[in-house]
Amino acid sequence: MRPSAILALDIGTSSTRSAIYDAKGNRVMATTVQLSYPLITGPDGKAELRPADIERAVALVFEKTLKAWRKTKSPQPIAGIGVSCFWHSLLGLDAEGRAITPVYTWADSRCRHEAELLRRSKGEEALHARTGCMARTSFWPAKLLWLRKAEPGLFRKVARWVSPAEWIQERWCGAATVSLSMASGTGLLDGRTLKWHGPLLRRCGLDEARLNVISDLPQTVSKAHAQRFPELAGVPWYPAVGDGVASNLGSGATKPGIAAINVGTSAALRVVVTKEPAVKEPLAPFGLFCYRVDAGRRLLGGAVSNAGNLRAWAMRELKLPADPAAMEKLLGKRSRPVENLTLLPFWIAERAPTWPEELPSAVVGMTQATSALDLLQALQEATYHRLTQIGEGVEKAARRKLSFIVSGGIQKSPNALQRLANVLGRPVYASSEPEASLRGAACFAMGKLGMKVTAPKLGRAIKPDAKAARAYAEARQRQVRLEELLRRADIASIYRDSD
């Protein structure tokens, strides 16, 4: 049989990308296309995307990818379409499948009050034990409760609530399902039965008819789209997996002892586990998440909402040099933490293991001698401290030491990779695949089609500097103590009382 190729699609918070992968899982570089769109934000916590922007981006990247594919020598037939999509985001459709709400992204925190209500009287512990998700603004329950109260007319008009990827699949195939992976990231999936959690749906004012059917089975590209793109005629389009799952699959972090760290707009540390928890065991230690890769694999880890977005804020607002090479040189001269500067980097609602969503950000130790570069470095390191905390929790839950494969925007900076290794106090390996989520989308489809998926080779180990690692361990303890101090003092009450 002639070798087949996979069309991969990665729908992200800030852009959509596509590319063709050959039968060995190698990206055909000339077919890689990316298109950006704006995240619409507001001081009240608003963080939305326009559905039309995503739909337009998907059509354009497919058009350009397939155009480049036709120009390659003897292009292989496309056997399937694999999709990665940013987790947790919510979109409302009417009875005809038209988008009638914006895409409420994971970063939208206008449902803070509803999330707080869900947390009361040990409600969060109960939700986490059943769904593997915390009662936080990132997830669907708080967003649905907020929308039901804030916009009751709109809420009633919504016939189905979906992720952006489900809507896109329906637009291209005429029908869609939700994968176990995407369903597990909503906060509405029962992690034991792998079905929608009925009591929680009723609390949110829903029933199963207002959600898509859970299935990993593909749909077929419609005739109308196949006429425009003949290569896709009869091609199966697999339901999207969460971008975290795709990152692990694409970077090769699929074995229980290998964790994927992704540092992009946000950051996360995740490990794939195959063993199901005992009946009396929690799905995950409280504070960590437990999502699904598929019916046979779980994804255990934690996420940090403030990462590359904080760096972008610092670069913009602190007027730092825009030249990446200049910044790399400046930060490369700094191998130790900024003295006496401690940050809780919660510019937007946080998803870190201790889940201090109610706490504001804090900068302690800043003086007139503190420079813009000091703040940038401290923000970067504060994010890495949160990842270190997640790593310790995951290792404890997995009962084994982990190796760390790193992907995302951080790969562009050797200095940042070395700093991460120093903060972790452990070696890290830069992923040889710079587009881990995109490749992971292809890998998921390849696995479903029975194609052999070869893990990318590990790059060289980036080892921590022993003296720097000790200094960062002390700095992390200062961050932990500051968080504990502010929590005990209930600083957040000042902000609640002023709302």
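Everything in this summary refers to the structure shown in the same document. Please read these numbers as outputs of a predicted model, since none were measured by experiment. Think of each chain on its own: its residues are numbered from 1, step by step along the sequence as written. Local features in this predicted model are restricted to residues of pLDDT 70 or higher, and side-chain atom pairs are both shown and tallied only at a pLDDT of 80 or more, whereas totals for entire chains, interfaces and linings draw on every residue. To get the side-chain values, take all heavy atoms of the structure and skip hydrogens and water.

1. Details of the overall build of the protein chain
Scanning the protein chain from terminus to terminus reveals 17 helices and 21 strands. Taking 499 residues into account, the globule formula puts the C-alpha radius of gyration at 23 Å, and the protein chain, at 22 Å, falls close to it. Across its three principal directions, the C-alpha atoms of the protein chain cover 65 × 50 × 45 Å. The proportion of buried residues among the 499 residues of the protein chain is 57%. When checking whether two residues touch, look at their non-hydrogen atoms; a contact exists if any pair is within 4.5 Å. A separation of at least 24 residues holds for 73% of the contacts in the protein chain among residues at least 6 apart in sequence. In the structure as shown, the protein chain presents an accessible area of about 21200 Å², 54% of it carried by carbon and sulfur atoms. Side chains of the protein chain carry 71 positive and 46 negative charges; the gap between the two charge centres is 5 Å. For the purposes of this entry, the term helix denotes a DSSP run of H or I that reaches at least four residues, the term strand denotes a run of E that reaches at least two, and both are numbered from the N terminus. In this description the radius of gyration comes from C-alpha coordinates, and the expected globular size is given by 2.2 Å times residues to the power 0.38. Categorising residues by exposure relies on relative accessible area from a 1.4 Å probe, with only protein chains included: less than 20% of the type maximum marks a residue as buried, more than 50% marks it as exposed, and the intermediate range marks it as partly exposed. Computed with a 1.4 Å probe, the accessible areas rest on the Shrake-Rupley method; for each residue, only the protein chains presented here act as cover. Only four residue types enter the charge count, namely Lys and Arg as positive and Asp and Glu as negative; His and the chain termini do not. Every charge is mapped to an atom, namely NZ of Lys, CZ of Arg, CG of Asp or CD of Glu.

2. Some details on unusual backbone geometry
The residue K122 is not glycine, and still its phi comes out positive at about 60°. Relative to the helices and strands, K122 resides in the loop between α2 (112–119) and α3 (123–131). Backbone geometry at K319 places phi at a positive 55°, although glycine is not the residue there. Its place among the elements puts K319 in the loop between α11 (308–317) and α12 (324–332).

3. Details of the sheet that holds strand β13 (residues 258–263)
Strand pairing requires that DSSP identify at least two bridges connecting the strands. Ordered by their spatial adjacency, seven strands build an open sheet running β15-β16-β14-β13-β19-β20-β21, and the pairing between neighbours is mixed. The sheet is open, and its two edges are formed by β15 (289–294) and β21 (461–462), each paired on a single side. Bridging between β15 and strand β16 (residues 297–304) involves five bridges; their strand directions are antiparallel. Looking at β16, one finds that R292 is bridged to R298. Axes, fitted as lines to C-alpha atoms, cover a helix only where it is in contact. Angles between the N-to-C directions of the axes lie from 0 to 180 degrees. Against the sheet, helix α13 (residues 372–398) makes contact with β13, β14 (267–273), β16 and β19 (403–407), and its axis sits at roughly 150° relative to β16, the strand it touches most.

4. Description of the side chain of D216
Positionally, D216 belongs in the loop between α8 (198–203) and β10 (219–220). For D216, a relative accessible area of 16% gives the class buried. Setting aside anything within four residues of it in sequence, one finds D216 in contact with S179, L180, Y238, P239, D294, F444 and K448.

5. A short note on the packing of helix α1 (residues 51–70) against helix α6 (residues 164–173)
The contact between α1 and α6 brings their axes to 11 Å, and the two run at 55°. By the angle between their directions, the pair α1 and α6 is classed as oblique. Where α1 crosses over α6, the handedness of that crossing is right-handed. In contact with P51, I54, E55, V58, A59 and F62 of α1, α6 contributes P164, W167, I168, R171 and W172. The scheme is simple: roughly parallel for angles under 35 degrees, roughly antiparallel for over 145, roughly perpendicular for 65 to 115, oblique for anything else. Left-handed describes a crossing in which the near helix is turned anticlockwise from the far one by less than a right angle; the clockwise case is right-handed.

6. Quick look at the layout of surface pockets
Within this scheme a cavity is a closed region of a 1 Å grid, computed over the protein atoms alone, that accommodates a 1.4 Å probe without allowing it to escape, whereas a pocket is open but has protein on both sides within 12 Å along at least five of seven lines; lining residues each have an atom within 4 Å of a point. Grid points are joined across faces, edges and corners, and a volume is the space filled by probe spheres set on the points. Of the pockets and cavities examined, the second largest pocket occupies roughly 1200 Å³. Lining the second largest pocket are 37 residues; nearest its centre among them are S109, R112, W347, I348 and A349. Elements with a minimum of two residues in the lining of the second largest pocket: α2, α11 and α17 (492–498). Considering every element that reaches the lining of the second largest pocket, the biggest residue donor is α11, with five residues. For the lining of the second largest pocket, a count of residues per class yields 16 nonpolar, 11 polar and 10 charged. Residue type decides the class: Asp, Glu, Lys and Arg count as charged, Ala, Val, Leu, Ile, Met, Phe, Trp, Tyr, Cys and Pro as nonpolar, and the leftover types, Gly among them, as polar.

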